[in-house]
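Structural description and commentary
Residue-level listing of the chains:
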Amino acid sequence: MSRFGNIFYLCLLFGALWGAIATILVTLLALFISGELFQPQVTAGAIAGLVTAGVLTGFTPERRTLGICVLSAFIFVLVLTVTSGAEPLGLAMSTYSFGQLIAVVVTAWLVTFAINTTAKGFGPSRERRYNVEVICLRFVKGFGIVAFTIAVALPFFVMVMMSLKNQQMLLSNPLDFSINFEQGFTALFRSYIELFTQYHFGSYLMNSALVSVVTVLITLFFAVPGAYAVARLKFPGQHFLSRSILLIYMVPMIVLVIPLYAIFSQLGMRNTLWGLMLVYPATTIPVALYMLQGYFRGIPAELEEAGLMDGLSRLNVIRKITLPLALPAMASVALYVFMIAWNEFLFAFMFLDNVDLYTLSRGIAELNSSEVPRQHLMAGAVIATVPVLALFLWFERFLVAGLTAGSVKG
Amino acid sequence: MSDDRPPQPPKGLGPLAKREMRFAYMMLLPTFAIVLSVVLFPLFANVWISFKPVTLGDLRAPSILVNERLMGDVEAVGDEADIRYRIRNSSRQSDIAAVFMTDELPATLDILNVDDRCTLDGSVLACDLGDYEAGKREDVIVRVAATQAFLDAPINVKDTEAAFEFDPENVLINDDFTLDNFRKVFNGSDFWPVLWASLYYTIAGTIGALVMGLFAAQLMNMTFRGRSFLRGLYLSPYVAPVIAVALAWVLLLDPGPGGTLNALLIQLGVIDGPINFLGQRVAEIRFLGLSFDFPVALTVVIIFEIWRYFPLAMLFILARMQSVSTDIYEAAEIDGATPLQQFRFISLPQLAGIMAVLFLLRFIWTFNKFDDIFLLTGGAAGTRTLTVNVYEQAFAVSNLGAGAAVAVVVFLILLVFSVIFFKFSPEDDA
């Protein structure tokens, strides 16, 4: 029996991979923050990670103490420095010496942490298939979390950072996302201030809020009774109805645009917010109705029957028993509808010509021209994103429960 | 005889059931009204328009234009002159029916003679002018004589504007029908590439979003610190306004100076020169001596689609996963099933239902998608899908009829998908 088995060799492989990944990540982060042209030392990072994994997982799990971990991290720093020719971030240590030192230590910590987590509980010796799979899956999941996080966050990160830079800085070094705090608040948020003072973003914000809130109110006003009827009352055509509701939700908006454009043009409703407040609810009512009927079904019918027995009318049963119980559901539907209306682009783009009536989507589309600097465009994008994202994160639990429980079952 | 028959169940609905039915219909009526008027009616209107030769310019309704002048010199009492109304149909294409003009004539002029079609009631002139075909123009003359009062205070006849009543012909509701729009759609050299791009986009986008959603759901099903933060983060592409994220991507992928991703890849040494991610139609790839064309822009658009919609799949799959009881996994554990076997033989079958529903729903919604591609590429570089083509035809080429015809094609394909969807979607108790 050899002391080193399949687990050990796997750990060497994963150590090398983690070393390479961590080196790339930390170097790019350093590059974003400082604007210096650091160069990821991928091979050096991989070798250092491999050696580190060899040291750390050469010990049996119970002997991997904090001291051993620190030792492994130190070895990572050492190997990385040597194999990269004393340039662990691809630039001589003389620039930003202290910052580079921190970056290297962070890298070492990350790699050691990742290897330790991946190999946790498993020794260097040979293991059965079950544990091999566990270790592989740990690596895949860890890698997945890193990859997903970067893929999702990068566009948002770029959006926010670009809005705080100016055109020359962006064009000369697009990777420089350092924030210059010395220029002061006004200079830093210049594009935001200009959007509100020169580009009417205040009124766009108001228009978007107005249209979205009215859409939510109208949608709930129509969808609640409709959903209740479909979910609770018995009538001919009930089954057909509950199915066709979803069918309506599948009608593509682009098919509706041409006739609505033509008809609204003739009726003089095209360049108005009223037009949007008619179209948005009509497109959200079916999905709201579908979500709500799921909830109403979930409320025990016995509760309502008891109310009916006690002499309440059907309307009062709904008002006093069903609606209070469905309040969380209505909140999540309201949030979802708000989101749809706030984010809607097509109809706002097609219908609105008048600057005073622009919603945020329409206003940002207007900024998308070569005359407007791109930091203004990104500032506009941030202004449109922040309210809806904040609202969403605030009520996330609500919405997640609502979306999944109410709409699609399976 | 009749007494021997067993009691029959009541036929039809009882009074209680009838009341319930009426109540239900009453509650559904407003919903129906609004959905009917803004969704179903436009759907039919779209089909209607697709058979008509309508362009964007036709939406401006034709009207009657008039120019009113006093012709002739009036210098002394009794001098005669003409009030001339020069009337024309503003449109060169559409007729106007039943034109009726009224005008207030200056009381200080003696009216000698009016046009045959006009009548005079006090100082109010009323003319029934009949129909005006496209481009028609004509004059209506009123013969007048000056009075002393008029000479003392001359009045411009234009001060009282002639009022018109008329029925403009509406191109949207006249009886011109044509199959030209459909001929144009199917004969156009780009119909098949567009259809192919649509299907590729839809299939790859749907499967990609589902697979990524499944992967992300597996990650979010673990317990670790910061999980709820990450879940919120992962959902944000779906929640953020499409215009904001699409334009952020456009700037991120910019091939010119200032493009972050290109600069990043060059810095990493992955590529030598910038790639025009959203503007390059194909890249030739040589592999094992074979060379084939790789659609660059279309693939990037699909990646955006996956990026934006994997959160939705993640959400639904996660909800399903968390509702699976843990007993079954514990039992498998005791039987010695490895993690991959557990995933393959327990999780996947459990998730098959929701995955199927998600696939069908996302497939249809992806097929319907317009704004993502429109904002990223505007349909350039081989990314023009059917929905983008609707917009192109109707508003860029300003041929509403042709756009509507493409929209009809979109809707028909969709109808087929929907039928398949309802045939194969798992029966729930709805």
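Just so it is clear, the model here is predicted, and its values are computed rather than measured.

Observations regarding the state of the cysteines
A complete count under the given rule lists one disulfide over all chains for this structure. Between B:Cys118 and B:Cys127 runs a disulfide, and the two sulfur atoms are separated by 2.0 Å. As the torsion about the S-S bond is roughly 105°, the B:Cys118-B:Cys127 disulfide counts as right-handed. Accessibility assignment for this pair places B:Cys118 and B:Cys127 in one class, buried. Just so you know, A:Cys69 is unpaired, no disulfide at all, and the nearest cysteine sulfur is the one on A:Cys11, 13 Å from it.

Quick look at the domain arrangement of chain B
Assigned domains within chain B: domain 1 (64-168) and domain 2 (182-424). For domain 1 of chain B and domain 2 of chain B, the distance between their C-alpha centres works out to 65 Å.

Focus on helix H12 (residues 386-396) of chain B
At 3.6 residues per turn, the α-helix brings residues three or four places apart onto the same side. All names here are of chain B. Summarising burial for H12: 10 of the 11 residues are buried, a large majority. Listed in full, the buried residues belonging to H12 are Leu386, Thr387, Val388, Asn389, Val390, Tyr391, Glu392, Gln393, Ala394 and Phe395. Immediately downstream of H12, the backbone of Ser398 shows phi near 50°, a positive value.

Concerning the packing of aromatic side chains
This structure, assessed with the given rule, holds 45 aromatic pairs over all chains. An angle of 25° between the planes, with centres 5.6 Å apart, marks the rings of A:Phe338 and A:Trp342 as stacked. Placement of the pair is A:Phe338 and A:Trp342 together in helix H15 (residues 327-343), with a separation of four residues, close to one helical turn. We note that A:Phe338, like A:Trp342, is buried. Feature note: the residues A:Tyr261, A:Phe345, A:Phe349, B:Phe370, B:Phe374, B:Tyr391 and B:Phe395 constitute an aromatic cluster, connected by ring pairs.

Looking at the interface of chain B and chain A
Of the residues lining the interface, 108 residues belong to chain B; the matching set on chain A comes to 110 residues. Of the roughly 9,600 Å² buried where chain B meets chain A, counting both sides, 77% is carbon and sulfur surface. Applying the counting criterion to the chain B and chain A interface returns two salt bridges. Taken together, chain B and chain A are joined by 16 residue pairs in polar contact (both at pLDDT 80 or more). Among the elements that line the side of chain B that touches chain A, the one with the most residues is helix H1 (residues 15-50) of chain B, at 20 residues. Class assignment for the residues of the side of chain B that touches chain A results in 78 nonpolar, 20 polar and 10 charged.

Details of the pattern of salt bridges
Applying the stated criterion to the full structure yields 20 salt bridges over all chains. Taking the shortest distance from any N to any O, the salt bridge between B:Asp372 and B:Arg308 comes out at 3.2 Å. Remark: B:Arg308 occurs in helix H8 (residues 296-323) and B:Asp372 occurs in helix H11 (residues 371-376); sequence separation between them is 64 residues. Given the relative accessible area of 0%, B:Asp372 is considered buried. If you follow the salt bridges from partner to partner, you end up with A:Arg232, A:Glu304, A:Arg314 and B:Glu20 in one network.

Remarks on the environment of B:Leu179
With respect to the helices, strands and loops of the structure, B:Leu179 is situated in the loop between strand E8 (163-168) and helix H3 (180-187). On the basis of relative accessibility, which here comes to 45%, the residue B:Leu179 falls in the partly exposed class.

Focus on the sheet that holds strand E4 (residues 109-114) of chain B
All names here are of chain B. Strand order in the open sheet formed by four strands is E1-E2-E7-E4, with antiparallel pairing between adjacent strands. Only two strands of the sheet have a single neighbouring strand rather than two, namely strand E1 (64-71) and E4. Across the sheet, the mean angle separating the axes of adjacent strands is 25° when strand polarity is ignored. Summarising the sheet, E1 and strand E2 (residues 80-89) pair through eight bridges and their orientation is antiparallel.

Side note on the UniProt feature "transmembrane region" (unreviewed entry) in chain B
All names here are of chain B. Taken from the UniProt record, the annotation "transmembrane region" (unreviewed entry) applies to residues 23-49, 199-220, 232-252, 296-319, 345-365 and 400-422. Segment residues 23-49 splits into 100% helix and 0% strand. End C-alpha atoms: 37 Å apart. Here residues 232-252 runs as 90% helix and 0% strand, with 22 Å between its end C-alpha atoms.

Conventions and cut-offs
Residues numbered from 1 in each chain as written. Chains lettered and ligands numbered in written order. Predicted model: local features only at pLDDT ≥ 70, side-chain atom pairs only at ≥ 80, totals over all residues. Heavy atoms only, no water. Disulfide = S-S within 2.5 Å. Buried < 20%, exposed > 50% of the residue type's maximum accessible area, 1.4 Å probe, protein only. Domains from an automatic or database assignment. Helix = DSSP H or I, 4+ residues; strand = E, 2+ residues; numbered from the N terminus. Phe/Tyr/Trp six-rings, centres within 6.5 Å; stacked < 30°, edge-to-face > 60°. Contact = heavy atoms within 4.5 Å. Buried area = accessible area lost by both parts, 1.4 Å probe. Salt bridge = Lys/Arg side-chain N within 4 Å of Asp/Glu carboxyl O. Polar contact = N/O pair within 3.5 Å; in protein donor to acceptor, adjacent residues only side chain to side chain. Nonpolar A, V, L, I, M, F, W, Y, C, P; charged D, E, K, R; others polar. Pairing = 2+ DSSP bridges. Axes fitted to C-alpha atoms, helices over the stretch in contact; angles between N-to-C directions. UniProt positions renumbered as here; feature names shortened; annotations may be inferred.

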